[in-house]
Amino acid sequence: MIGDKLRYTYRNDVGRVTNMNIGIDKLHFFTPHVYVDMEELAEARDVEPAKFTIGLGQTQQAVAPITQDPVSMAANAAWPILTDDDKEAIDFIIVGSESGVDQSKAMAVHVHQLLGINPFARAIEMKEACYAATVGLQTAVSHIARHPESKVLVIATDIARYGLNTSGESTQGAGAVAMLISKDPRVAVINDDAVSYTGDIYDFWRPNYSTYAQVDGKFSNEQYLSYLETVWTEYKKRTNKTLADFKALAFHLPYSKMGLKGLRQLLPEVDEAKQAALTEQFEASRVYNKRVGNIYTGSLYLSLISLLDQSQDLQAGDTIALYSYGSGAVGEFFSITLVEGFKDMLADESHQAMLDNRIQLSVADYELIFQEELPTDGSQLVLSEDEEQFQLAGVEDHKRLYK
């Protein structure tokens, strides 16, 4: 059965088929050093705070200053986990995003240069709303199945922007997640059991000429749950697995309450004890997302990191289900299995410190930062230094400059 396949096969140079595990070897996330409190934002917008903190499940929202764009955030997410050996072994960099900075040049090319990765590497950018990082992950697995000694760097990076005083303002956010994919991974094996489903719908989209996305919020929520039901039903049919086979479920979280709706849709399939256990794991999986907000392609993987960092019950051998959803739309259900020693590879202390050491902005300061814009006429802009390892340094002749 597909769901029982933890190993991938490749044909080596003498023609023999060899089995191996492929998956996540390291992972790390980054979010900018400033945020706005959701209760204060609600009060400034004459909204009952509970609508944001309970109705959406959000307590804080990361804010990207003009010095932090999707490229710099991607590099900031990846550099703490990469050794010199990793940089030499990486021969493929995949950046998933719906916040691209150029219609032609892939952000992965900038990231490749900033991180000092092996020059003989591919560098591409993938797009399909919030699903792009997932297909990047699956592409990485396929690449390593053919090239077992290589490593692939997969990064999800996005800034969710809907505009000030809009219905979507409360579901904004900014951040990036980096994952190093390799054979014999030290965090989790990516199981060969993915089920995907595609349909041509308009629940969320952003035309090339628009700064902000168009969204049909009610329809998008309905489709998120509908696609979940579709891929889950097919997954069960193909694998003969049930909800009881998973220790936890991680969801794409445009806002953390959305994942709870998805979980509640599935929970009636198991007994009350299992329902309580899965709900407890879900709460661990949304700790970080509640404090960062929506990071589009990275939201599912930020939730996974939160689960791994915050849960007290996970053990090697546990299987975690993941639901990925990208508007437009593509849904995917797949699983990973934790490996021995995975806790040693987590960066929970640095993640917690990064969140705790951020600076809270007043709503007025948040609005000023939000409205800062880069020139679009080719003129020069030099930006002051910020405190991060990598940043956007300025713009000149329509070129973004990083340091």
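Residues numbered from 1 in each chain as written. Predicted model: local features only at pLDDT ≥ 70, side-chain atom pairs only at ≥ 80, totals over all residues. Heavy atoms only, no water.

(A) Up close: the environment of isoleucine 90. Position of isoleucine 90 among the secondary structure elements: in strand S6 (residues 90–96). Residues contacting isoleucine 90, with those up to four places away along its chain left out, are Leu82, Ile117, Asn118, Ala121, Lys151, Leu153 and Leu180. (Helix = DSSP H or I, 4+ residues; strand = E, 2+ residues; numbered from the N terminus. Contact = heavy atoms within 4.5 Å.)

(B) Main features of the pairing of strand S9 (residues 173–183). Burial within S9 is extensive, with ten of its eleven residues counted as buried. Pairing geometry for strand S8 (residues 151–160) and S9, over nine bridges, is antiparallel. Looking across to S9, one finds that isoleucine 155 is bridged to alanine 178. (Buried < 20%, exposed > 50% of the residue type's maximum accessible area, 1.4 Å probe, protein only. Pairing = 2+ DSSP bridges.)

(C) Here's a closer look at the side chain of aspartate 386. For aspartate 386, the position within the fold is in the loop between strand S18 (381–382) and strand S19 (392–396). Although aspartate 386 is buried, it forms no salt bridge, and the closest oppositely charged side chain is lysine 403 at an N-O distance of 8.2 Å. Separated by 2.8 Å, the side chains of aspartate 386 and threonine 67 make a polar contact. Here the side chain of aspartate 386 touches glutamate 388 through a polar contact of 3.0 Å, landing on its backbone nitrogen. Ignoring anything within four residues of it in the chain, the contact list for aspartate 386 reads Thr67, Gln68 and Gln391. (Lys, Arg positive; Asp, Glu negative; His and termini not counted. Salt bridge = Lys/Arg side-chain N within 4 Å of Asp/Glu carboxyl O. Polar contact = N/O pair within 3.5 Å; in protein donor to acceptor, adjacent residues only side chain to side chain.)

(D) Structural view of the environment of serine 210. Of note, serine 210 is situated in the loop between strand S12 (204–205) and strand S13 (214–215). Sequence separation between serine 210 and leucine 164 is 46 residues, and the spatial gap between their C-alpha atoms is 15 Å.

(E) Summary view of the packing of helix H9 (residues 272–285) against helix H11 (residues 299–310). Packing of H9 against H11 brings their axes to within 7 Å, and their N-to-C directions diverge by 110 degrees. On the basis of their axis angle, the class for H9 and H11 is roughly perpendicular. Mapping the contact onto sequence places Gln281, Ala284 and Ser285 in H9 and Ser303, Ser306, Leu307 and Gln310 in H11. (Axes fitted to C-alpha atoms, helices over the stretch in contact; angles between N-to-C directions. Parallel < 35°, antiparallel > 145°, perpendicular 65-115°, else oblique.)

(F) Seen up close, the pattern of salt bridges. Within this structure, the stated rule accounts for 14 salt bridges. A salt bridge links lysine 26 to aspartate 86, with the nearest nitrogen and oxygen atoms 2.6 Å apart. Residue lysine 26 is located in strand S3 (residues 22–30), and its partner aspartate 86 is located in helix H4 (residues 84–89); the two are separated by 60 residues in the primary sequence. Relative accessible area serves as the criterion here: at 9%, lysine 26 is assigned to the buried category. Lysine 183 is the partner of glutamate 149 in a salt bridge, and the nearest nitrogen-oxygen pair spans 2.8 Å. Residue glutamate 149 is found in the loop between helix H6 (132–146) and S8, and its partner lysine 183 is found in strand S9; the two are separated by 34 residues along the sequence. Exposure remark for glutamate 149: the relative accessible area of 60% places this residue in the exposed category. The network of salt bridges with common partners includes Lys26, Asp86 and Lys151.

(G) Fine view of the packing of helix H3 (residues 70–78) against helix H5 (residues 107–115). Running from N to C, H3 and H5 cross one another at 45 degrees; their axes reach a closest spacing of 9 Å. Classified by the angle their axes make, H3 and H5 are oblique. The crossing of H3 and H5 is right-handed. Across the interface between the two elements, Pro70, Val71, Ala74, Ala75 and Ala78 of H3 pack against Met107, His110, Val111, Leu114 and Leu115 of H5. (Left-handed = near helix turned anticlockwise from the far one by under 90°.)

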